[in-house]
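Listed here are the chains, written in short residue letters.
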Amino acid sequence: MKIIELTTFLETLAPLSLQEDYDNSGLIVGEPDATITAAMISLDCTEAVIDEAIAKGCNFVISHHPIVFKGLKKFNKKNYVERAVMKAIKFDIALYAIHTNLDHVLEGVNAKICAKLGIKQYRILSPRKNTLKKLVTFCPIQQADQVRAAILQAGAGSIGNYSDCSFSTPGTGTFKASENANPFVGERGELHREDELRIEIIYPEFLERNILIALLQAHPYEEVAYDLYPLSNSYQQAGAGMIGTLDKPINEMEFLRFVKGTLNAKVIRHTALRGKNVQRVAVCGGTGSFLLPAAIAAGADVFVTADFKYHEFFDAEGKIVISDVGHFETEQFTQELLFENIQKKFPNFAIHLTSIDTNPIKYIF
Ligand SMILES: [Zn+2]
């Protein structure tokens, strides 16, 4: 398989445009047309992981965290980033990162944590803004069904748990074809009136290219009239964090112990218990303190996340139990998530999970 085939699939799972501005997800080292022998999956891309990939005959490393975040100006093996990148280039190992884009999709990092913790009916805690757009097109009534179907087929028209959402209103289109035109209806040089439907459908911006291709292919007119509008509605299917419910309310301490065991955490740092049972749970794999207000607003009893600083713990104010389980601990199942998705799509493709514990944080007791 070529690199481009695998990365195209990964970017359907987690479109690159859903990553944060500071992020560097995507193909970091490697040529899209090169052939992959086998792939290695890891949470972090370290030199040790690249060594393991070489030893196991893998020339493609997929990591959650990108090894390169900022521009590299020198290649002197002076730090772990330069060493990893230089080794990858020297041994022809491609490096790919699928980071905040995988955090932000509905069936991404946080859905995996929810599955592990038995959290059901989950939804995005902080839905993404500036992602939704609306396509409006005008189509002869006869062909309207085929045009609408093609746009929906390309992934537009999804609102919450509903698909195929659209709205159509009848009206009259007018146009005059020039001498150089080849009109589907009407005569050249004459003003034509046609009964048309105005079809409106929303879509996330990352699908725009495919949706326009589908529209132009399905629409009968030589010159297709359409408008693209940015919307300020938030996009429910992508964003940061997740909120959901447990099947049954459970004692707080029992829940924290269950989280500790399930996420193999050595320790959990948490705020004062509230003497209430836990049923609504917010989660965010990795750094999640920025989502505390959203977790409280969503009525979460506990927020399972990582990387809270001392002063940020005070912000719980008895409204929620903050549970800082660790960055690696909350995100470790991302490896499994990638493995399962790739294996399902490409059953005969060789993938390995790293055997290296890349967590840079160690604990003493
Ligand atoms: Zn992370």
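Residues numbered from 1 in each chain as written. Predicted model: local features only at pLDDT ≥ 70, side-chain atom pairs only at ≥ 80, totals over all residues. Heavy atoms only, no water.

A. Quick peek at the packing of helix α5 (residues 109-117) against helix α12 (residues 334-345). Viewed as axis vectors pointing N to C, α5 and α12 meet at an angle of 105 degrees, and their least axial separation amounts to 9 Å. As far as their axial angle goes, α12 and α5 are roughly perpendicular. Along the contact surface, α5 presents V109, K112 and K116, while α12 presents T334, E336, L337 and E340. Tallied by class, the residues present in the contact of α5 with α12 amount to 2 nonpolar, 1 polar and 4 charged. (Axes fitted to C-alpha atoms, helices over the stretch in contact; angles between N-to-C directions. Helix = DSSP H or I, 4+ residues; strand = E, 2+ residues; numbered from the N terminus. Parallel < 35°, antiparallel > 145°, perpendicular 65-115°, else oblique. Contact = heavy atoms within 4.5 Å. Nonpolar A, V, L, I, M, F, W, Y, C, P; charged D, E, K, R; others polar.)

B. How the structure looks around the nonpolar core. Formed by 51 residues in total, the largest nonpolar core has its most connected members in L6, L10, F60, I62, F255, V304 and I342. Ignoring any residue separated from it by four or fewer positions in sequence, one finds F60 in contact with I3, L6, T7, L27, I36, A38, A39, M40, I93, A94 and Y96. (Core = buried A, V, L, I, M, F, W, Y, C linked by side-chain atoms within 4.5 Å. Buried < 20%, exposed > 50% of the residue type's maximum accessible area, 1.4 Å probe, protein only.)

C. Structural context of the sheet that holds strand β9 (residues 226-230). The 4 strands lie next to each other as β7-β8-β6-β9, forming an open sheet whose pairing is antiparallel. Looking at which strands have only one partner, the edges of the open sheet turn out to be β7 (167-176) and β9. Within the sheet, the average angular offset between the axes of one strand and its neighbour, ignoring direction, is 30 degrees. Bridge count between strand β6 (residues 132-140) and β9: 5 bridges; the pairing is antiparallel. Within the sheet, the bridge partner assigned to T137 lies in β9 and is Y226. (Pairing = 2+ DSSP bridges.)

D. How the structure looks around the state of the cysteines. Under the counting rule described, the total for this entry stands at 0 disulfides. Of the cysteine sulfurs around C114, a residue in no disulfide, the closest is that of C284, at 11 Å. (Disulfide = S-S within 2.5 Å.)

E. Representation of the coordination of the zinc ion within the structure. In the first shell of the zinc ion, the protein supplies H65 (NE2), H327 (NE2), E331 (OE) and E331 (OE), at 2.1 to 2.4 Å from the metal. Each of the 4 donor atoms bound to the zinc ion contributes to angles spanning 56 to 130 degrees, and the resulting shape is irregular. Overall, the relative accessible area of 13% leaves H65 in the buried class. (Donors = N, O, S within 2.8 Å, 3.2 Å for Na, K, Ca; no water. Tetrahedral: all angles 85-135°; square planar, octahedral: opposite > 155°, others 65-115°.)

F. Looking closely at the pairing of strand β12 (residues 278-287). Of all 10 residues making up β12, 7 are buried, and the element is well covered by its neighbours. Two strands pair when backbone bridges link them, and strand β10 (residues 235-250) and β12 are joined in this way by 5 bridges, in the antiparallel orientation. Among the inter-strand pairings, G244 is bridged to a residue of β12, identified as V281. Relative to strand β13 (residues 302-306), β12 is paired through 4 bridges, and the arrangement is parallel.

G. Highlighting the packing of aromatic side chains. Applying the stated criterion across every chain yields a total of 9 aromatic pairs. Here F60 and Y96 contribute two aromatic rings whose centre-to-centre distance is 6.1 Å and whose plane-to-plane angle is 25 degrees, an arrangement assigned as stacked. Of this pair, F60 sits in strand β3 (residues 60-63) while Y96 is found in strand β4 (residues 94-97), placing the two residues 36 residues apart along the sequence. Overall, F60 belongs to the buried group, its relative accessible area being 0%. (Phe/Tyr/Trp six-rings, centres within 6.5 Å; stacked < 30°, edge-to-face > 60°.)

H. Seen up close, unusual backbone geometry. The backbone phi angle of K77 is positive, close to 60 degrees, even though this residue is not glycine. Positionally, K77 belongs in the loop between β3 and α3 (80-90). Among the residues examined, K77 registers a relative accessible area of 47% and is labelled partly exposed. For Q121, which is not glycine, the phi torsion reads 45 degrees and is therefore positive. For Q121, the location among the structural elements is in strand β5 (residues 119-128). What makes Q121 exposed here is its relative accessible area of 67%.

I. Highlighting α5. Counting buried positions along α5 gives 7 out of 9 residues, so the element sits mostly inside the fold. Inspection of α5 places V109, N110, A111, K112, I113, C114 and L117 among the buried residues, and these make up the whole buried set. Count one or two residues on from α5 and you reach G118, which has phi positive near 70 degrees.

J. The environment of A225, seen in detail. Position of A225 relative to the elements: it lies in the loop between α7 (208-218) and β9. Distance in space between the C-alpha atoms of A225 and V283 is 44 Å, their sequence separation being 58 residues. Excluding residues that lie within four positions of it along the chain, A225 makes contacts with V136, T137 and F138.

K. Broad picture of the pattern of salt bridges. The tally for this structure, following the rule as stated, stands at 16 salt bridges. Ionic pairing is found between D247 and K120, a salt bridge with its closest N-O pair at 2.8 Å. Of the two residues, D247 is situated in strand β10 and K120 in strand β5; the sequence distance between them amounts to 127 residues. On the basis of relative accessible area, D247 is assigned to the exposed category, the value being 57%. With a closest N to O distance of 2.8 Å, R148 and D145 form a salt bridge. With R148 and D145 both in helix α6 (residues 141-153) and 3 residues apart, this pair spans about one turn of that helix. Here R148 falls in the buried class, since its relative accessible area comes to 15%. One connected set of salt bridges, linked through shared partners, spans E47, D51, R83 and K87. (Salt bridge = Lys/Arg side-chain N within 4 Å of Asp/Glu carboxyl O.)

This is a description of form; function is not addressed.
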